[in-house]
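The residues making up each chain are set out below.
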Amino acid sequence: MQHVTDRPVVTRVESFALEHALPDGGYGTAKGLVSSRVCTLVKVTTSDGIEGWGECYGVPELLTPYLRLYGQKLIGVPVDAKENFAQQIISHSYHLSTGGLHIAALSGLDIALWDAQARGFGVPVGQLLGGIVRTSVPAYASIGYTTASGDL
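The notes below deal with the structure included here.

## Observations concerning the nonpolar core
Counting 22 residues, the largest nonpolar core has Val42, Val44, Leu67, Tyr70, Leu74, Phe85 and Leu109 as its most contacted members. For this core, the secondary structure elements donating two or more residues are strand E4 (36-46), helix H1 (60-74), helix H2 (82-92) and helix H3 (101-121). Considering every element that reaches this core, the biggest residue donor is H3, with seven residues.

Here is the structure:
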């Protein structure tokens, strides 16, 4: 997907697998305990030297091949062509479903592209998305977590 443009383009895509072992056997739900927290960070570097960061949820060993594949396709794509890039990937990957690890990988790249574009303009990402409407977000728990000892 090479583009001729005066706009900043993606020149490099990197991913970083992170894992943190949880103390005391981890946490869990009715389905079982999770012994560690994992995620994959994505860094997109642009032709003007700006770095944008994103995060993918899921097992890094399974996300990495998707990030490598999509990252190669992203080289040379203008940073502001996020929607076109994502739509092409989703259209070409329709047989993989509209959810799952390939979409998680794509979401991390999308976040990194938004971050790079915002940094290029010198503004927060929220400003690009229509304006900042709040300065804090209340925390909440969407599921009852438990520990290895059964404590809620």
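Read on, since the account is not over.
## Side note on the layout of surface pockets
Taken as a whole, the largest pocket holds about 240 Å³ of empty space. Lining the largest pocket are 14 residues, and of these Tyr27, Val34, Ser36, Arg37 and Tyr57 lie nearest its centre. At the level of elements, strand E2 (27-29), strand E3 (32-34) and E4 are the ones that each hand at least two residues to the lining of the largest pocket. In terms of residues, the lining of the largest pocket owes the most to one element, E4, which gives four residues. Here the residues of the lining of the largest pocket sort into seven nonpolar, five polar and two charged. Reported here for the second largest pocket is a volume of approximately 150 Å³. Every residue lining the second largest pocket is listed: Arg7, Pro8, Thr46, Asp48, Ile50, Val79, Asp80, Ala116, Gln117, Gly120 and Phe121. In terms of residue count, H3 provides more of the lining of the second largest pocket than any other element does, four residues in total. Among the residues forming the lining of the second largest pocket, the class breakdown is five nonpolar, three polar and three charged.

## A few points about a nonpolar patch on the surface
A surface patch of nonpolar side chains, about 250 Å² in accessible area, is lined by Phe16, Leu18 and Trp53. A relative accessible area of 39% means that leucine 18 is categorised as partly exposed.

## Description of the pattern of salt bridges
One pass over the structure, following the stated rule, counts five salt bridges. Note that aspartate 115 is salt-bridged to arginine 119, the shortest N-O span being 2.9 Å. One end of the pair is aspartate 115 and the other is arginine 119, both in helix H3 and four residues apart, which spans about a single turn. For aspartate 115, a relative accessible area of 13% translates into the label buried. Classification of arginine 119 by relative accessible area gives partly exposed; the value is 48%.

## A word on the packing of H2 against H3
What describes two packed helices is the angle between their axes and the distance between those same axes. Contact geometry of H2 with H3 gives a least axis separation of 10 Å together with a crossing angle of 170°. As summarised for this structure, H2 and H3 are arranged roughly antiparallel, according to the angle between their axes. Contacts between H2 and H3 involve Lys82, Glu83, Phe85, Ala86, Ile89 and Ile90 on the former and, on the latter, Ile103, Leu106, Asp110, Leu113, Trp114 and Gln117.

## Brief notes about the side chain of threonine 45
With respect to the helices and strands, threonine 45 occurs in strand E4. If we skip the residues at most four places from it in the chain, threonine 45 touches Val9, Val10, Thr11, Arg12, Glu14, Ile50 and Glu51.

## What to know about the state of the cysteines
According to the stated counting rule, one finds zero disulfides in the structure shown. Take cysteine 39: it sits in no disulfide, and the sulfur closest to it among the cysteines is that of cysteine 56, at 8.4 Å. What makes cysteine 39 buried here is its relative accessible area of 13%. On the accessibility criterion, cysteine 56 (0% relative accessible area) is buried.

Calculation criteria
- Residues numbered from 1 in each chain as written.
- Predicted model: local features only at pLDDT ≥ 70, side-chain atom pairs only at ≥ 80, totals over all residues.
- Heavy atoms only, no water.
- Core = buried A, V, L, I, M, F, W, Y, C linked by side-chain atoms within 4.5 Å.
- Buried < 20%, exposed > 50% of the residue type's maximum accessible area, 1.4 Å probe, protein only.
- Helix = DSSP H or I, 4+ residues; strand = E, 2+ residues; numbered from the N terminus.
- 1 Å grid on protein atoms, 1.4 Å probe; cavity = no way out; pocket = protein on both sides within 12 Å on 5 of 7 lines; lining within 4 Å.
- Points joined across faces, edges and corners; volume = space filled by probe spheres on them.
- Nonpolar A, V, L, I, M, F, W, Y, C, P; charged D, E, K, R; others polar.
- Patch = residues over 30% accessible without salt bridge, like charges linked within 9 Å, V, L, I, M, F, W, Y side chains within 5 Å.
- Areas by Shrake-Rupley, 256 points an atom, 1.4 Å probe, with all protein chains shown as cover.
- Salt bridge = Lys/Arg side-chain N within 4 Å of Asp/Glu carboxyl O.
- Axes fitted to C-alpha atoms, helices over the stretch in contact; angles between N-to-C directions.
- Parallel < 35°, antiparallel > 145°, perpendicular 65-115°, else oblique.
- Contact = heavy atoms within 4.5 Å.
- Disulfide = S-S within 2.5 Å.

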